[in-house]
Amino acid sequence: MPAAAVVQASERLVGESPTPAPLPDQVTLLVMGVDRREGEDWDTRTDTMMLASLNPRQKHAAVLSIPRDLWVSIPYGTGRPLEDRINAANVIGELYKHPGGGPALAMQTVALNFGVSVEHYVYVDMEAFRRFVDSIGGIDVDVPSTVVDYEYPTEDYRTQKID
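Attention in this report is confined to the structure presented alongside it.

Summing up its helical and strand segments, the protein chain has four helices and eight strands in all. Across the protein chain, helices and strands are ordered from the amino to the carboxyl terminus as α-β-β-β-β-β-α-α-β-α-β-β. Counting over 163 residues, the protein chain shows a buried share of 25%. Relative to all contacts within the protein chain whose residues are 6 or more apart in sequence, the contacts with residues 24 or more apart total 44%. Within the structure as shown, the protein chain displays about 11800 Å² of accessible surface, and the carbon and sulfur contribution to it stands at 55%.

Next up, the structure:
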């Protein structure tokens with residue numbers, strides 16, 4: 001259970017029944033995965049971008065994975081949009097202090113290029129992803145054959161041999 005949910009539940013008064021907010025018809029959010037590691041504080045490109053459309057009333061969801069190297073127009077500044085890979089929108093927004101930062105510019109970039117209004121975003125680094133997987137009990141991965149990799153990347157940007 002997310003920490004926020006635990007705090008909200010523990011702050012309720014005894015006997016108080018929560019009043020749920022009305023469900024929206026449609027929610028669109030941009031999920032961004034970044035390669036930021038513990039102790040790093042610099043801005044980064046997104047490694048993963050997924051556009052999710054959720055309909056809570058009908059209990060439907062659709063997800064579109066956006067290729068990180070897709071060449072798009074990025075609506076930065078007041079002039080002509082920049083032409084760059086979609087995964088650059090986040091770092092451009094952060095570096096150049098775009099209103100709302102990198103996530104806002106990434107959402108605007110998706111809206112411009114896909115014609116979809118994006119209301120929310122989720123920003124996830126590898127540590128948050130690990131915590132999420134752990135919170136649901138982990139994931140078993142069956143690897144039926146031997147994996148050999150002479151330059152498998154490590155957390156500290158080095159490599160190790162796996163065989």
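Here the narrative resumes.
Right, let's get into the pattern of salt bridges. In the structure shown here, the tally under the stated rule is six salt bridges. Note that arginine 57 and aspartate 25 form a salt bridge whose closest N and O atoms lie 2.7 Å from each other. Remark: aspartate 25 occurs in the loop between helix H1 (3-11) and strand S1 (27-34) and arginine 57 occurs in the loop between strand S2 (46-55) and strand S3 (60-66); sequence separation between them is 32 residues. The burial state of arginine 57 is the same as that of aspartate 25; both residues are exposed. The salt bridge involving arginine 85 is made with aspartate 69; its shortest N-O contact spans 3.6 Å. Here aspartate 69 lies in the loop between S3 and strand S4 (71-74) and arginine 85 lies in strand S5 (residues 82-85), a separation of 16 residues in the sequence. Using a relative accessible area of 48% as the deciding quantity, one classes aspartate 69 as partly exposed. Overlapping salt bridges, with partners in common, bring together Asp47, Arg68, Asp69 and Arg85 in one network.

Now for the side chain of serine 73. With respect to the secondary-structure elements, serine 73 resides in strand S4. A relative accessible area of 19% means that serine 73 is categorised as buried. Within the structure, serine 73 has its side chain in polar contact with the side chain of glutamate 83 (distance 2.8 Å). Apart from residues no more than four positions distant in its own chain, serine 73 is found in contact with Pro81, Leu82, Glu83, Thr109, Leu112 and Asn113.

So, about the side chain of threonine 28. If you trace the backbone, threonine 28 turns up in strand S1. Not counting chain neighbours up to four residues away, the residues in contact with threonine 28 comprise Leu51, Ala52, Ser53, Val116, Ser117, Val118, Glu119 and His120.

Going through the model one piece at a time under the given rule, you end up with one aromatic pair. Consider the rings of tyrosine 76 and tyrosine 96, whose centres lie 5.8 Å apart with planes at 50°: the pair is tilted. Residue tyrosine 76 is located in the loop between S4 and S5, and its partner tyrosine 96 is located in the loop between helix H2 (89-95) and helix H3 (101-114); the two are separated by 20 residues in the primary sequence. Under the relative-accessibility criterion, tyrosine 76 is labelled partly exposed at 26%. Tyrosine 96 sits in the exposed class, given a relative accessible area of 52%.

This paragraph deals with the nonpolar core. General note: in soluble globular proteins, nonpolar side chains tend to be found buried as a group. The biggest cluster of nonpolar side chains holds 17 residues, and the ones touching the most others in it are Leu30, Met49, Ile66, Ile74 and Val110. Looking at this core, the elements that each hand over two or more residues are S1, S2, S4, H2 and H3. For this core, the element with the highest residue contribution is H3, accounting for four residues. In contact with valine 110, not counting residues within four places along its chain, are Leu30, Met49, Leu51, Ile66, Ile86, Gly115 and Val118.

This paragraph deals with the pairing of strand S7 (residues 149-153). Of all five residues that make up S7, zero are buried, and the element is exposed over most of its length. Across three bridges, the pairing between S7 and strand S8 (residues 159-162) is antiparallel. What sits directly across from aspartate 149, in S8, is isoleucine 162.

Analysis parameters
- Starting afresh in each chain, residues are numbered from 1 along the sequence in its written order.
- Reporting of local features is limited, given that this is a predicted model, to residues whose pLDDT is at least 70; pairs of side-chain atoms are given and counted only at 80 or more, and all residues count toward the totals for whole chains, interfaces and linings.
- To obtain the side-chain values, all non-hydrogen atoms of the structure were used and water was disregarded.
- In DSSP terms, a helix is any run of H or I states spanning at least four residues, a strand is any run of E spanning at least two, and both are numbered starting from the N terminus.
- Between buried and exposed lies partly exposed: a residue is buried under 20% and exposed over 50% of the maximum accessible area for its type, with that area taken using a 1.4 Å probe on protein chains only.
- The criterion used for residue contact is that any of the two residues' heavy atoms lie within 4.5 Å.
- Note that accessible areas follow from Shrake-Rupley with a 1.4 Å probe, and for residues the cover is restricted to the protein chains shown.
- Each reported salt bridge corresponds to a side-chain nitrogen of Lys or Arg within 4 Å of a carboxyl oxygen of Asp or Glu.
- As used in this structure description, the phrase polar contact means that two N or O atoms lie within 3.5 Å; if the pair is within protein, one of them must be able to donate a hydrogen and the other to accept it, and residues adjacent in sequence are counted only when both atoms belong to side chains.
- Only rings of Phe, Tyr and Trp enter the pairing, Trp through its six-membered ring, and a pair is recorded when the two centres are within 6.5 Å. The plane angle decides the type: under 30 degrees is stacked, over 60 is edge-to-face, the rest tilted.
- The criterion is simple. A nonpolar core is a set of buried Ala, Val, Leu, Ile, Met, Phe, Trp, Tyr and Cys residues joined through side-chain atoms within 4.5 Å.
- The pairing criterion for strands is at least two bridges between them, as found by DSSP.

That is the geometry; function is a separate question.
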